[in-house]
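Observations on the three-dimensional arrangement
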Amino acid sequence: MSVVVDDELWSAIGDPIRRTMIDLLLADGPGTATSLSRRLPVTRQAVSKHLAVLDRVGLIHAEPAGRERHYQVDEAQLARAVAQLSAVGSTWDARLRRIKRIAEAIERTRTNDEGE
């Protein structure tokens, strides 16, 4: 069982500031670099760089509005990320179940060998 994982997408999501930005955009709707920087412990310039990363992987998109750009989460891309995470989780759950069965079989064999 193999899951195709978009490493660039997960690298973008892996940063805690970017995850917080996604949370803010989901909770509050579209935001600008300025409005987001007021709520984050980083400068507006850092926010802009983080937004560029999220935009590059398609997690957000921007709409020009005068001198600002309004960013919002691309729900289809976010759903794709969630589906990947779910698939990876299912794959690991299956692996862990196999490991548990193997460990239990080894333990039964060891117990049986000691009883002889």
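Reference entry: report on the structure contained in this document. Keep in mind it's a predicted model, so treat the numbers as computed, not measured. (Residues numbered from 1 in each chain as written. Predicted model: local features only at pLDDT ≥ 70, side-chain atom pairs only at ≥ 80, totals over all residues. Heavy atoms only, no water.)

The secondary structure content of the protein chain amounts to five helices and two strands. Along the protein chain, helices (α) and strands (β) appear in the sequence α-α-α-α-β-β-α when read from the amino end. Pairs at least 24 apart in sequence give 54% of the contacts found in the protein chain among residues at least 6 apart. Averaging the positions of the 17 positive and the 17 negative side-chain charges in the protein chain gives two centres separated by 5 Å. (Helix = DSSP H or I, 4+ residues; strand = E, 2+ residues; numbered from the N terminus. Contact = heavy atoms within 4.5 Å. Lys, Arg positive; Asp, Glu negative; His and termini not counted. Charge placed at Lys NZ, Arg CZ, Asp CG, Glu CD.)

With that settled, the discussion passes to the side chain of histidine 50. Take histidine 50: it is sitting in helix α4 (residues 44–56). Apart from residues lying up to four places away in sequence, histidine 50 is in contact with Asp15, Ile17, Arg18 and Met21.

Side chains of Arg95, Arg97, Arg98 and Arg101 sit close together on the surface and give a patch of like positive charge. Position of arginine 97 relative to the elements: it lies in helix α5 (residues 75–115). (Patch = residues over 30% accessible without salt bridge, like charges linked within 9 Å, V, L, I, M, F, W, Y side chains within 5 Å. Areas by Shrake-Rupley, 256 points an atom, 1.4 Å probe, with all protein chains shown as cover. Salt bridge = Lys/Arg side-chain N within 4 Å of Asp/Glu carboxyl O.)

Here the focus is the pairing of strand β1 (residues 60–65). The sheet contact formed by β1 and strand β2 (residues 68–73) spans six bridges and is antiparallel. Bridge pairing in β2 places glutamate 63 opposite histidine 70. The loop that links β1 with its antiparallel partner β2 comprises two residues; one of these, glycine 66, has a positive phi angle of about 65°. (Pairing = 2+ DSSP bridges.)

A few words now on α5. Working note: α-helix, 3.6 residues per turn, so residues spaced by three or four point in the same direction. Over its 41 residues, α5 runs 59 Å from end to end, which matches the ideal 60 Å to within 8%, given 1.5 Å per residue. If you check which residues of α5 are buried, you get Gln77, Ala81, Gln84, Thr91 and Ala94. Summarising the contacts, the buried residues of α5 are in contact with α1 (7–13). Where α5 begins, the side chain of aspartate 74 points an oxygen toward the backbone nitrogen of alanine 76, at a separation of 3.0 Å. (Expected span 1.5 Å × (residues − 1). Buried < 20%, exposed > 50% of the residue type's maximum accessible area, 1.4 Å probe, protein only. Polar contact = N/O pair within 3.5 Å; in protein donor to acceptor, adjacent residues only side chain to side chain.)

Once that is clear, we can look at the environment of histidine 70. Here histidine 70 is to be found in strand β2. For the pair histidine 70 and arginine 110, spaced 40 residues apart in sequence, the C-alpha separation works out to 63 Å. Excluding anything up to four places from it in sequence, histidine 70 contacts Pro30, Gly31, Thr32, His61, Ala62, Glu63 and Ala65.

Here we take up the pattern of salt bridges. One pass over the structure, following the stated rule, counts five salt bridges. Taking the shortest distance from any N to any O, the salt bridge between glutamate 8 and arginine 56 comes out at 2.9 Å. You can see glutamate 8 sitting in helix α1 and its partner arginine 56 sitting in helix α4, a full 48 residues away along the chain. Classification of glutamate 8 as partly exposed rests on a relative accessible area of 44%. Here glutamate 107 and arginine 110 are joined by a salt bridge, their closest N and O atoms 2.8 Å apart. Here the residue glutamate 107 and the residue arginine 110 both occupy positions in helix α5, the gap between them amounting to three residues, near one helical turn.

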